[in-house]
Amino acid sequence: MDFNMKKLASDAGIFFTRAVQFTEEKFGQAEKTELDAHFENLLARADSTKNWTEKILRQTEVLLQPNPSARVEEFLYEKLDRKVPSRVTNGELLAQYMADAASELGPTTPYGKTLIKVAEAEKQLGATERDFIHTASISFLTPLRNFLEGDWKTISKERRLLQNRRLDLDACKARLKKAKAAEAKATLWNDEVDKAEQELRVAQTEFDRQAEVTRLLLEGISSTHVNHLRCLHEFVKSQTTYYAQCYRHMLDLQKQLGSSQGAVFPGTFVGTTEPASPPLSSTSPTTAAATMPVVPSVASLAPPGEASLCLEEVAPPASGTRKARVLYDYEAADSSELALLADELITVYSLPGMDPDWLIGERGNKKGKVPVTYLELLS
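Attention in this report is confined to the structure presented alongside it.

Notes on helix α4 (residues 90-105)
So, step 1. Look at α4: 22 Å from first C-alpha to last across 16 residues, which is about the 22 Å you get at 1.5 Å a residue.
So, step 2. Of all the residues in α4, the buried ones are G91, E92, A95, M98 and A102. Taken around the axis of α4, the buried residues stretch over an arc of 120°, which confines them to a single face. Among the exposed residues of α4, those oriented more than 90 degrees off its buried face are N90, Y97 and E104.
So, step 3. Residue G106 follows α4 closely and has a positive phi angle near 120°.

This is the structure we're talking about:
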């Protein structure tokens, strides 16, 4: 009991001494041991890493789950170490509404059939989104959380210890200074100065040891950056896969709707129903069309949307045609289009008045329109 009381009194005395030292430093009444420039740079770099990691983590969580209530629920499940319940995505919920509407309004009617097709596509989009969220959470969010809840807590703990050691060291320096001043006035015995010097040596040793431990942890931030860089690559990869899959799902849906549109709305030209969209390659549709050679005006070529292209009367330009590599398989929607196989090489060129998202492609004796987004134009 006496031992515990003495320990508590000692701890209280140390805390009081540190508080006094800290207060006097704030008011400029005591000297403070400064860390070297390299150490200060490590501290600043570590703080920046922590602050930006928190911001990136929070905003990524918002990206993956825009609903704040759902994010709070997931956070509580994680803190309680319980499995987060599976949640229906917005796309899957929309798909269910569309399927139910088709069932009630008539699944054999044109509207009902279209609802069913769109519902299936939305269901696929929802499943793709779920896979993306799962992959991004594991490969990107989890490592960021592990850093903040693990490595950073360790760094913070050691920094607090270093701060305490520094306050103890400066308090010992102040006591030694006072002891020497008193000795000079012959008001203290020499053993008081010796005691103060011994305490200073111990405090200096503990401070140096703690500074080395903290420095090693701070230098480990470079390894953290390397790990986060690798995770960032994985996040971009999963995001690229997600958007590519969504793009393909919608292209397939558009083809299905385009093939049935002509029967429902006679006279509609379905050959150019695909809207302008960014390509999966680095070449944009606008740039690709602008750099393609243009053949002289063809009398039989009607404005887009009015008639089908008479390919038999279209001749390639005498010079300036370009080669293109096919990025993905493409199934022709009608006889005016050219079916494509991934990785094959074809010759392409543009025509006056043509939709900038399309080109004329030739392979052997076959000719037809091809979407720019499926091509990589070669120099």
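Considering the sheet that holds strand β4 (residues 366-371)
So, step 1. With antiparallel pairing, 5 strands are arranged side by side in an open sheet as β4-β3-β2-β1-β5. Of all the strands in the sheet, the pair left with one neighbour each is β4 and β5 (375-377). Averaged over all adjacent pairs, the angle separating strand axes in this sheet is 40°, with direction ignored.
So, step 2. One ladder, built from 6 bridges, connects strand β3 (residues 358-363) with β4; its direction is antiparallel. Of the residues in β4, the one forming a bridge with R363 is K366.

Quick word on the pairing of strand β2 (residues 345-349)
So, step 1. Here β2 lies mainly inside the structure; 4 of its 5 residues are buried.
So, step 2. When β2 meets β3, the two strands line up antiparallel, connected through 3 bridges. Of the residues in β3, the one forming a bridge with Y349 is I360.

With respect to the layout of surface pockets
So, step 1. Quantified by volume, the second largest pocket comes out at close to 410 Å³.
So, step 2. Elements with a minimum of two residues in the lining of the second largest pocket: α1 (2-26) and α5 (110-184).
So, step 3. Ranked by residue count, the leading element in the lining of the second largest pocket is α5, at 7 residues.

A word on unusual backbone geometry
So, step 1. Positive phi, close to 80°, is recorded for D343, a residue that is not glycine.
So, step 2. Its place among the elements puts D343 in the loop between β1 (322-326) and β2.

A look at the nonpolar core
So, step 1. In terms of nonpolar packing, the biggest core is built from 33 residues, with F39, F132, F140 and L218 touching the most fellow members.
So, step 2. Residue assignment for this core shows that the elements contributing at least two residues are α2 (37-64), α5, α6 (190-219) and α7 (221-264).
So, step 3. Looking at this core element by element, the count peaks at 15 residues for α5.
So, step 4. Not counting the four nearest positions on each side in its chain, F132 is found in contact with L64, F235, S238, Q239 and Y242.
So, step 5. A324, V326, Y349 and Y374 belong to the second largest nonpolar core, which has 20 residues in total.

Calculation criteria
- Residues numbered from 1 in each chain as written.
- Predicted model: local features only at pLDDT ≥ 70, side-chain atom pairs only at ≥ 80, totals over all residues.
- Heavy atoms only, no water.
- Helix = DSSP H or I, 4+ residues; strand = E, 2+ residues; numbered from the N terminus.
- Expected span 1.5 Å × (residues − 1).
- Buried < 20%, exposed > 50% of the residue type's maximum accessible area, 1.4 Å probe, protein only.
- Arc of directions from axis to C-beta.
- Pairing = 2+ DSSP bridges.
- Axes fitted to C-alpha atoms, helices over the stretch in contact; angles between N-to-C directions.
- 1 Å grid on protein atoms, 1.4 Å probe; cavity = no way out; pocket = protein on both sides within 12 Å on 5 of 7 lines; lining within 4 Å.
- Points joined across faces, edges and corners; volume = space filled by probe spheres on them.
- Core = buried A, V, L, I, M, F, W, Y, C linked by side-chain atoms within 4.5 Å.
- Contact = heavy atoms within 4.5 Å.

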